[in-house]
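# Examining the three-dimensional arrangement
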Amino acid sequence: MPKALETVLEIDLKALQHNFEYLKSKLDTNIKFLAVVKAFGYGSDSCEIAKFLEHSGADYFAVAYTNEGVALREAGITKPILVLHPQTVTFKELIAYNLEPGLYNFKILNDFIETTTKVGLQAFPIHIKFNTGLNRLGFSQGDVSLIIEKIHQTSAIYVKSIFSHLAASEDLNEKAFTLNQITSFKEIRSFFKINLGYSPLFHMCNTSGILNYPEAHFDMVRSGIGLYGFGNSEIENQFLKPIGTLKTVISQIHHIEHGESVGYNRAFKSNGAIKTATLPIGHADGIGRHYGNGKGFVTIHGKQAPIIGNVCMDMIMVNITDITCNEGDEVIVFGEHPTAEDVAAKANTISYELITSISQRVKRHFLK
Ligand SMILES: *Cc1c(COP(=O)(O)O)cnc(C)c1O
């Protein structure tokens, strides 16, 4: 790998291929694979990731919002794209770009039927989302009859899939709760199989669901974090490879005397002679202020350098007193070791938050 000369997020597409194959190896061969590429492909680059996975054989893509789906279409993605959380105001755009809405309540179902009917569409693909315990988004099981009634009253839409989302698939202490969700979903599935008149796809599992609940794979699975290299457990993490390495460089080294302070608000005051490095990465790049004041760290020549003082918008200062290093040397924020999960844990958060926060001004380099 080339040495970083500025702040850069390296994306290893070989690692992505490895993760995709590992996750697919957990599935029966007839089960479809939906790749979740919302939030810029979990902070990497949704278009590059989707292009790569489309070529590697992913069956479906999902994003959270309509504009994310538009970006994929504009990048040339042709596979179906599920928009998990659309709003009515985006329907015209969603239809124009041939995106498929996840519909989660009667208001949005009615709105979508109205829009598609008005423009004279036939059998436009939709997905119906059920809430089975997460209590976030989705119809209730009790809504099934009325949903079927609405669907049978129109020819404008066609149910491509029915899905639900697990609340605690990574937490085996919540196994009883998860099994209840699966049972509810099976009941919903039986109802639709009998009453819909055709066979949509059924799907429920995210990454941890794929790994922990093979009995809930149904017709398709939806994986996000696993593709990017995290399995929500130490065991699974061993089999996955983080695809992103966030690197930066040392811009300047300072020798700080006893009693001097570092950074805004003089948040760090030295009680001895120390050496600091200033790095060109800050909260505007995704290193939140909660990593400041000794919580977070970076790695320089294999050694940990804690972030001192407040995280600035464009810079952080780290303590390099015990590290032999020079201006221009490479700095690792996260990657294979330490992982984004390790770094995130220092600030009481999770890999998902750290990786999706890396802002768009950080250059992405792809290793092919
Ligand atoms: C984000 C999301 C996923 C992907 O979850 P991972 O834990 O990243 O695999 C799957 N389904 C839905 C509905 C989501 O919102």
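Here, every reference points to the structure presented above.
In this report, we go over the structure that sits alongside the text. (Residues numbered from 1 in each chain as written. Predicted model: local features only at pLDDT ≥ 70, side-chain atom pairs only at ≥ 80, totals over all residues. Heavy atoms only, no water.)

### Concerning the site of the ligand
Surveying the vicinity of the ligand reveals 14 residues, the closest of which are Lys38, Tyr42, Thr207, Ile225 and Tyr352. Interatomic distance of 2.7 Å between a side-chain N/O atom of Lys38 and an oxygen atom of the ligand. Protein coverage of the free-state accessible area of the ligand, which is 390 Å², stands at 93%. Applying the majority rule of atoms within 2 Å of the grid points places the ligand in the largest pocket. For the shell around the ligand, the elements supplying multiple residues, two or more each, are helix 2 (38-43) and strand 9 (220-223). In terms of residue class, the shell around the ligand is built from five nonpolar, five polar and four charged. (Near = heavy atom within 4 Å. Polar contact = N/O pair within 3.5 Å; in protein donor to acceptor, adjacent residues only side chain to side chain. Areas by Shrake-Rupley, 256 points an atom, 1.4 Å probe, with all protein chains shown as cover. 1 Å grid on protein atoms, 1.4 Å probe; cavity = no way out; pocket = protein on both sides within 12 Å on 5 of 7 lines; lining within 4 Å. Sits in = over half its atoms within 2 Å of the grid points. Helix = DSSP H or I, 4+ residues; strand = E, 2+ residues; numbered from the N terminus. Nonpolar A, V, L, I, M, F, W, Y, C, P; charged D, E, K, R; others polar.)

### Some thoughts on the nonpolar core
Residues Phe61, Phe192, Ile300, Val318 and Phe334 are the most contacted members of the largest nonpolar core, which totals 109 residues. Taken together, domain 1 (31-228) and domain 2 (244-367) each give at least three residues to this core, which thus spans both. For Phe192, the contacting residues outside a window of four places in its chain are Phe130, Val144, Ile147, Ile148, Ile162, Gly197 and Phe202. Judged by nonpolar contacts, the second largest core, of six residues, contains Ile256, Ile274, Cys312 and Met317. (Core = buried A, V, L, I, M, F, W, Y, C linked by side-chain atoms within 4.5 Å. Buried < 20%, exposed > 50% of the residue type's maximum accessible area, 1.4 Å probe, protein only. Domains from an automatic or database assignment. Contact = heavy atoms within 4.5 Å.)

### As for the pattern of salt bridges
Pairs can form between side chains of opposite charge once their charged atoms are near each other. Scanning all chains against the criterion turns up ten salt bridges. Here Glu100 makes a salt bridge to Lys160, at a shortest N to O gap of 3.0 Å. Placement of the pair is Glu100 in strand 5 (residues 100-103) and Lys160 in strand 7 (residues 157-164), with a sequence separation of 60 residues. Exposure remark for Lys160: the relative accessible area of 23% places this residue in the partly exposed category. One salt bridge in this structure joins Lys118 and Glu114, with 3.7 Å as the shortest N-O distance. Taken together, the residues Lys118 and Glu114, both in helix 6 (residues 106-118) and four residues apart, mark about one turn of the helix. (Salt bridge = Lys/Arg side-chain N within 4 Å of Asp/Glu carboxyl O.)

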